[in-house]
Amino acid sequence: MRQKIVAGNWKMNTSIASGLELAQAVKTGLEGKSLNDVKLILAPPFTHLHAIGEVIKDSPLGLAAQNTASEKSGAYTGEVSAEMLASAGVGYVILGHSERRKYYHENDELLVQKLTRVLEAGLTPIFCIGEELEDREKGNHFALVKSQLKNGLFHCSPEDFAKVIIAYEPVWAIGTGLTASPEQAEEMHAFIREELSAAFGAENANACSILYGGSCKASNARELFAQPNVDGGLIGGASLQADEFIRIAESF
Ligand code: 13P
């Protein structure tokens, strides 16, 4: 069976103090709960990672970074390498989030380099893809998602691909309150899995967790997660409240 995952992308929110409080509240809120084998992951800002890693290290929570450098080490002022993240206790790295693609001009080529660094460091990539509203209105959404998969992931060996988590986040649903309908999400997730199957074989494709992201909250998570190809969520705004985040994870 595929791993079910609910990951909270905190984006550029919280101070170290309030982030620690949030992580602690999620940890405490999970105590005594059985979450049907759902893996919960927190993705706080870089500055918080080590301290939050210490707080959650004896818990089932995973720790993710929201980005990493495309280079291994050296004179790259302001960058944070995948090895540094590993040394800070991080297990996962979000790559190719639409906010990185859009505001920081991250393209497929750069993301391939970042993916390589993440895998070399023994970390698990959470690779984000998804179309803009304009792509969907023009009927280009499948082609766009296919090109993001092809250019970002299809160079991987099957062994490397087996480590990848995918997050489908339609850009028009992020932070807008406009969630994709369960049918829209399932249609795209099934398409992604078919493409993965063509590239890596059915067994590898069936083992890959594909998360949905975009205005996912406790009130709509159940329907989304009930779809056969939706294996969980990458949660933005709703992950900033511990009880809401836990309720989302309880939606399976
Ligand atoms: P929201 O849940 O705030 O729409 O953000 C989704 C997202 O971008 C998660 O990476």
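Residues numbered from 1 in each chain as written. Predicted model: local features only at pLDDT ≥ 70, side-chain atom pairs only at ≥ 80, totals over all residues. Heavy atoms only, no water.

**Student:** Can you walk me through the overall build of the chain in this structure?
**Tutor:** In terms of helices and strands, the chain carries twelve helices and eight strands. In terms of C-alpha radius of gyration, the chain reaches 17 Å, essentially the compact-globule figure of 18 Å for 252 residues. The proportion of buried residues among the 252 residues of the chain is 53%. Residue pairs at least 24 apart in sequence account for 71% of intrachain contacts in the chain once pairs closer than 6 positions are excluded. Element-wise, carbon and sulfur atoms account for 51% of the exposed surface of the chain, whose accessible area totals about 11,300 Å². (Helix = DSSP H or I, 4+ residues; strand = E, 2+ residues; numbered from the N terminus. Rg over C-alpha atoms; globule rule 2.2 N^0.38 Å. Buried < 20%, exposed > 50% of the residue type's maximum accessible area, 1.4 Å probe, protein only. Contact = heavy atoms within 4.5 Å. Areas by Shrake-Rupley, 256 points an atom, 1.4 Å probe, with all protein chains shown as cover.)

**Student:** What's the story with the pattern of salt bridges in this structure? I'm lost.
**Tutor:** One side chain can pair with another of opposite charge once the charged atoms of both are near each other. With the rule as written, the count across this model stands at 16 salt bridges. With a shortest N-O distance of 3.4 Å, Asp108 and Arg101 are connected by a salt bridge. Note that Arg136 and Glu131 form a salt bridge whose closest N and O atoms lie 2.7 Å from each other. A single salt-bridge network, built from bridges that share partners, covers Lys72, Glu83, Arg117 and Glu120. (Salt bridge = Lys/Arg side-chain N within 4 Å of Asp/Glu carboxyl O.)

**Student:** What am I meant to see in the nonpolar core here?
**Tutor:** A general tendency of soluble globular proteins is for nonpolar side chains to be buried together. Grouped together as the largest cluster of nonpolar side chains are 64 residues, with contacts concentrated most on Val26, Ile166, Ile192, Leu196 and Tyr212. Setting aside chain neighbours within four positions, we find Ile166 in contact with Phe127, Ile129, Leu149, Leu153, Ile192, Leu196, Cys208, Ser209, Ile210 and Leu211. Counting 13 residues, the second largest nonpolar core, distinct from the first, contains Ile41, Ile94, Ile126 and Leu234. (Core = buried A, V, L, I, M, F, W, Y, C linked by side-chain atoms within 4.5 Å.)

**Student:** Is there a simple way to think about the pairing of strand S6 (residues 165-168) in this case?
**Tutor:** Residues in a regular strand project their side chains so that they alternate between the two faces of the sheet. Burial along S6 is two-sided: Ile165 and Ala167 and Ile166 and Tyr168, pointing in opposite directions, are all buried. Here four bridges tie strand S5 (residues 124-129) to S6, and the two strands are oriented parallel to one another. Counted as the bridge partner of Ile126 is Ile165 from S6. Where S6 and strand S7 (residues 210-213) come together, three bridges link them in parallel fashion. (Pairing = 2+ DSSP bridges.)

**Student:** Where do I start with the packing of helix H11 (residues 218-225) against helix H12 (residues 242-249) in this structure?
**Tutor:** Across the interface, H11 lies against H12 with an axial gap of 8 Å and an inter-helix angle of 20°. In terms of orientation, H11 and H12 fall into the roughly parallel class. The two elements H11 and H12 cross, and the hand of that crossing is right-handed. Seen from H11, the contacting residues are Ala218, Ala221 and Phe225; seen from H12, they are Glu244, Arg247 and Ile248. (Axes fitted to C-alpha atoms, helices over the stretch in contact; angles between N-to-C directions. Parallel < 35°, antiparallel > 145°, perpendicular 65-115°, else oblique. Left-handed = near helix turned anticlockwise from the far one by under 90°.)

**Student:** How should the site of the ligand be read in this particular structure?
**Tutor:** Taken together, Asn9, Lys11, His97, Glu169, Ala173, Ile174, Gly175, Gly214, Ser215, Leu234, Gly236 and Gly237 form the complete shell of residues around the ligand. A distance of 3.0 Å is found between an oxygen atom of the ligand and a side-chain nitrogen or oxygen belonging to Asn9. For the ligand, an oxygen atom lies 2.6 Å from a polar atom in the backbone of Gly175. For the ligand, the accessible surface in isolation is 310 Å², of which the surrounding protein chains cover 94%. (Near = heavy atom within 4 Å. Polar contact = N/O pair within 3.5 Å; in protein donor to acceptor, adjacent residues only side chain to side chain.)

**Student:** Help me out: how do you make sense of the side chain of Arg101 in this one?
**Tutor:** With respect to the helices and strands, the residue Arg101 is situated in helix H4 (residues 98-103). Within the local environment of Arg101, its side chain forms a polar contact with the backbone oxygen of Cys128, the two atoms lying 2.8 Å apart. Here Arg101 is in contact with Gly96, Glu106, Asp108, Leu111, Phe127, Cys128, Ile129 and Gln148, once residues within four sequence places are set aside.

**Student:** I would appreciate a short explanation of the sheet that holds strand S4 (residues 92-95) in the present structure.
**Tutor:** Across a sheet, strands are paired by hydrogen bonds formed along the backbone, either parallel or antiparallel in direction. With parallel pairing, the eight strands of this closed barrel are ordered in space as S1-S2-S3-S4-S5-S6-S7-S8. Between one strand axis and the next, the sheet turns through 25° on average, direction left out of account. Of the strand pairs in this sheet, strand S3 (residues 62-65) and S4 are connected by two bridges, and their pairing is parallel. When the sheet's bridge partners are listed, Ala64 is paired in S4 with Tyr92.

**Student:** Explanation requested: the confidence of the model for the chain in the structure shown.
**Tutor:** Regions with low pLDDT should not have their predicted coordinates read in detail. For the chain, mean pLDDT is 97; residues scoring 70 or higher make up 100% of the total. Element-level pLDDT for the chain is lowest in helix H6 (residues 133-137), with a mean of 96, against a maximum mean of 99 in S4. (pLDDT = per-residue confidence, 0-100.)

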